Amino acid sequence: MRTAHAEIDFGAALHRIAIEPCGVKKKAIFTTSWDDGHPLDARVAELRSGHGFQGTFYVPLSNREGLPVMPPEDMRRLGRGFEIGSHTIDHCYLKTVDAAEARRQIMEGKNQLEQILGHGVSGFCYPGGDYTLEHRQMVIDAGFDYARTIVNFHRTLPAGPFDMPTTIQYYPHTRSAF
């Protein structure tokens, strides 16, 4: 499994932290993530690696909103130093499509990204952070190990690995997203 941490298996670390008994010193996890696969993410990766920081880049294969997405060769290059997670086929906001299309976006986004990268993809990020419990189950059924949301300002563990919040979200989503 590829993870965002050089020496920590993300899923196993979360599980260990979640089940450690009270009084046992817990390990901190620090990670950053970047969404949407913009070609300038390569520059972000260069800056991060120059300072020894790991991170996860969630990339769609295209963007239905017309924004540029890095080409497959750049995804492969980025994947040699960072975790790459799926962000649907074309940055599809899952609540805007029916269940069959949402399932296709999640499963095919994973499958196509794995073909491009040449290895499995563990993580998923819900585009726009908007999802339902049905979408969450689709992510589980697709074989992901975890999913990140845009739920903001969390310092505690989530209920499970498919509802991972962020500590700080810098993208200017509308107030309804929070």
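That block above? That's the structure.
Residues numbered from 1 in each chain as written. Predicted model: local features only at pLDDT ≥ 70, side-chain atom pairs only at ≥ 80, totals over all residues. Heavy atoms only, no water.

**Topic: the overall build of the chain**
- Assigned secondary structure in the chain consists of five helices and five strands.
- Order of helices (α) and strands (β) in the chain, N terminus to C terminus: α-β-α-β-α-β-α-β-α-β.
- Buried positions account for 42% of the 178 residues belonging to the chain.
- Taking the intrachain contacts of the chain between residues at least 6 apart in sequence as the baseline, contacts between residues at least 24 apart amount to 59%.
- Accessible surface for the chain amounts to roughly 9,900 Å². Of this, 55% is attributable to carbon and sulfur atoms. (Helix = DSSP H or I, 4+ residues; strand = E, 2+ residues; numbered from the N terminus. Buried < 20%, exposed > 50% of the residue type's maximum accessible area, 1.4 Å probe, protein only. Contact = heavy atoms within 4.5 Å. Areas by Shrake-Rupley, 256 points an atom, 1.4 Å probe, with all protein chains shown as cover.)

**Thoughts on the packing of helix H3 (residues 72-79) against helix H4 (residues 99-117)**
- In contact at an axis separation of 9 Å, H3 and H4 are set at 75° when each is read in the N-to-C sense. What the angle tells us is that H3 and H4 run roughly perpendicular. For the pair H3 and H4, contact is made by Pro72, Met75 and Arg76 and by Leu113, Ile116 and Leu117, respectively.
- Looking at the contact of H3 with H4 residue by residue, the class counts come to five nonpolar, no polar and one charged. (Axes fitted to C-alpha atoms, helices over the stretch in contact; angles between N-to-C directions. Parallel < 35°, antiparallel > 145°, perpendicular 65-115°, else oblique. Nonpolar A, V, L, I, M, F, W, Y, C, P; charged D, E, K, R; others polar.)

**Regarding unusual backbone geometry**
- Here Thr88, not a glycine, exhibits a phi torsion of approximately 75°, which is positive.
- Looking at the element boundaries, Thr88 is found in the loop between strand S3 (83-86) and H4.
- On the basis of relative accessibility, which here comes to 0%, the residue Thr88 falls in the buried class.
- Despite not being glycine, His91 has its phi angle at roughly 60°, a positive value.
- Along the chain, His91 falls in the loop between S3 and H4.

**Brief notes about the pairing of strand S2 (residues 56-59)**
- Burial along S2 is two-sided: Thr56 and Tyr58 facing one way and Phe57 and Val59 facing the other are all buried.
- One ladder, built from three bridges, connects strand S1 (residues 33-35) with S2; its direction is parallel. Opposite Asp35, over in S2, you have Tyr58 as the bridge partner.
- At this point the chain moves from S1, through helix H2 (residues 41-50), to the parallel S2, and the crossover so formed is right-handed.
- Judged from the four bridges that link them, S2 and S3 form a sheet pairing that is parallel. (Pairing = 2+ DSSP bridges. Right-handed = clockwise from strand over helix to strand, strands pointing away.)

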